[in-house]
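Residue-level listing of the chains:
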Amino acid sequence: MNCQDLQRLVHAYLDYELDLMTSLDLEAHLNECSACRARHAEMRALRDLEARQLRFHAAPAPLKARIARNMRAACGNDDARRWRAWRAATAVSVLALAALLAWVVLPRTLPGPHQVVAQSQEKMVYHIANSEDVATALRNVANLLEISPDARIVVVANNQGVDFLLRGARDRDGTPYEPAVSRLKVRGVDFRVCNNTLARRRIDSSQVIPEAKLVPSGIAEISRLQTREGYAYMKL
Ligand SMILES: [Zn+2]
């Protein structure tokens, strides 16, 4: 499955209309394609939000009763068939009006999809560009996880900030960084290393510890996380 197939099928997927094999195919693509994953998350969030908001469009009971009374008076009490036709026609127009209102009003009053995603889950990208900032950053990340265990946290390292993610790296007191990084990784924190930095500083990628992942550019990664995945940015 490619990105185009996914765009074509994602609505059906969100409606649980796809067969199992196609769903699995689609999920496999979501797993490996961050662009489609971001788009899918936005659509799901928007859909959930619409479902929640649209529930509140039912008319209040007294208003409903008053409309029914007035219409019965207008139609004449004895003509039950005409009354039912009226009622059906009115129900259709009320629904159409609600749909129109939803169409016109919701997009303006609701926050955009990025904000929706950000509200449903805390997402933070930490940018480490200096080795002096590492201890503070790791402490910050651990604190955030204490407060919000479900937060999605990505640490992006570039320039001198990549050093602590290299094999055998130790802090000023001689304590190795890797165990701390491992512990955070187990708790869901992603560590990403700028490949441009490695190339510029002539560091072989085999020097990067296995807990960290390479990205082509640290700055591009941070920008992507912010604009496409709704991450908040934390520079240290
Ligand atoms: Zn894709």
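Everything below is about the structure shown above.
Fair warning: this is a prediction, and the values are worked out from it, not measured in the lab.

Trainee: How would you explain the nonpolar core if you had to name every residue and give the values?
Mentor: Within the largest apolar cluster, 29 residues are counted, with the highest numbers of intra-cluster contacts made by Ile153, Val155, Phe164, Leu165, Val189 and Phe191. Sorting the residues of this core by element identifies strand S1 (123-128), helix H7 (134-147), strand S2 (152-157), helix H8 (178-186) and strand S3 (190-194) as the ones contributing at least two each. Broken down by element, the residue count for this core peaks at six residues, all from H7. Once you skip the residues sitting within four places of it in the chain, Leu165 turns out to touch Ala157, Val181, Phe191, Val193, Gln207, Val208, Ile209 and Ala212. Leu9, Val10, Tyr13 and Met43 belong to the second-largest nonpolar core, a separate cluster that totals 12 residues.

Trainee: Describe the environment of Leu30, with residues and values.
Mentor: Along the chain, the position of Leu30 falls in helix H2 (residues 20-32). Assessed through its relative accessible area of 7%, Leu30 is described here as buried. Each C-alpha atom, one on Leu30 and one on Leu6, is 8.5 Å from the other, the two residues being 24 residues apart in sequence.

Trainee: How would you explain the sheet that holds S1 if you had to name every residue and give the values?
Mentor: Ordered by their spatial adjacency, five strands build an open sheet running S4-S3-S2-S1-S5, and the pairing between neighbours is parallel. Looking at strand neighbours, the two that pair on one side only are strand S4 (212-215) and strand S5 (232-235), the edges of this open sheet. The mean angle between the axes of side-by-side strands here comes to 25°, regardless of whether they run parallel or antiparallel. Sheet topology note: the S2/S3 ladder contains four bridges and is parallel. Residue pairing across strands places Val156 opposite Arg192, the latter belonging to S3. Set on the sheet, H7 makes contact with S1, S2 and S3; between it and S1 the angle comes to about 170°.

Trainee: Account for the coordination of the zinc ion, with residues named and values stated.
Mentor: Distances from the zinc ion to its protein donors, Cys3 (SG), His29 (NE2), Cys33 (SG) and Cys36 (SG), fall at 2.1 to 2.3 Å. Each of the four donor atoms bound to the zinc ion contributes to angles spanning 101 to 114°, and the resulting shape is tetrahedral. The exposure class of Cys3 is partly exposed, given its relative accessible area of 38%. Residue classification places Cys33 among the buried positions, given a relative accessible area of 13%.

Trainee: I'd love a proper account of the packing of helix H1 (residues 3-14) against H2, names of residues and values included.
Mentor: In the contact formed by H1 and H2, the axes pass within 10 Å of each other and the chain directions differ by 125°. Here H1 lies oblique to H2, going by the angle between them. Seen from above, H1 lies across H2 with left-handed handedness. Residue-level contacts link Cys3, Leu6, Leu9, Val10 and Tyr13 of H1 to Thr22, Ser23, Leu26, Glu27, His29 and Leu30 of H2.

About the criteria used
Residues numbered from 1 in each chain as written. Predicted model: local features only at pLDDT ≥ 70, side-chain atom pairs only at ≥ 80, totals over all residues. Heavy atoms only, no water. Core = buried A, V, L, I, M, F, W, Y, C linked by side-chain atoms within 4.5 Å. Buried < 20%, exposed > 50% of the residue type's maximum accessible area, 1.4 Å probe, protein only. Helix = DSSP H or I, 4+ residues; strand = E, 2+ residues; numbered from the N terminus. Contact = heavy atoms within 4.5 Å. Pairing = 2+ DSSP bridges. Axes fitted to C-alpha atoms, helices over the stretch in contact; angles between N-to-C directions. Donors = N, O, S within 2.8 Å, 3.2 Å for Na, K, Ca; no water. Tetrahedral: all angles 85-135°; square planar, octahedral: opposite > 155°, others 65-115°. Parallel < 35°, antiparallel > 145°, perpendicular 65-115°, else oblique. Left-handed = near helix turned anticlockwise from the far one by under 90°.

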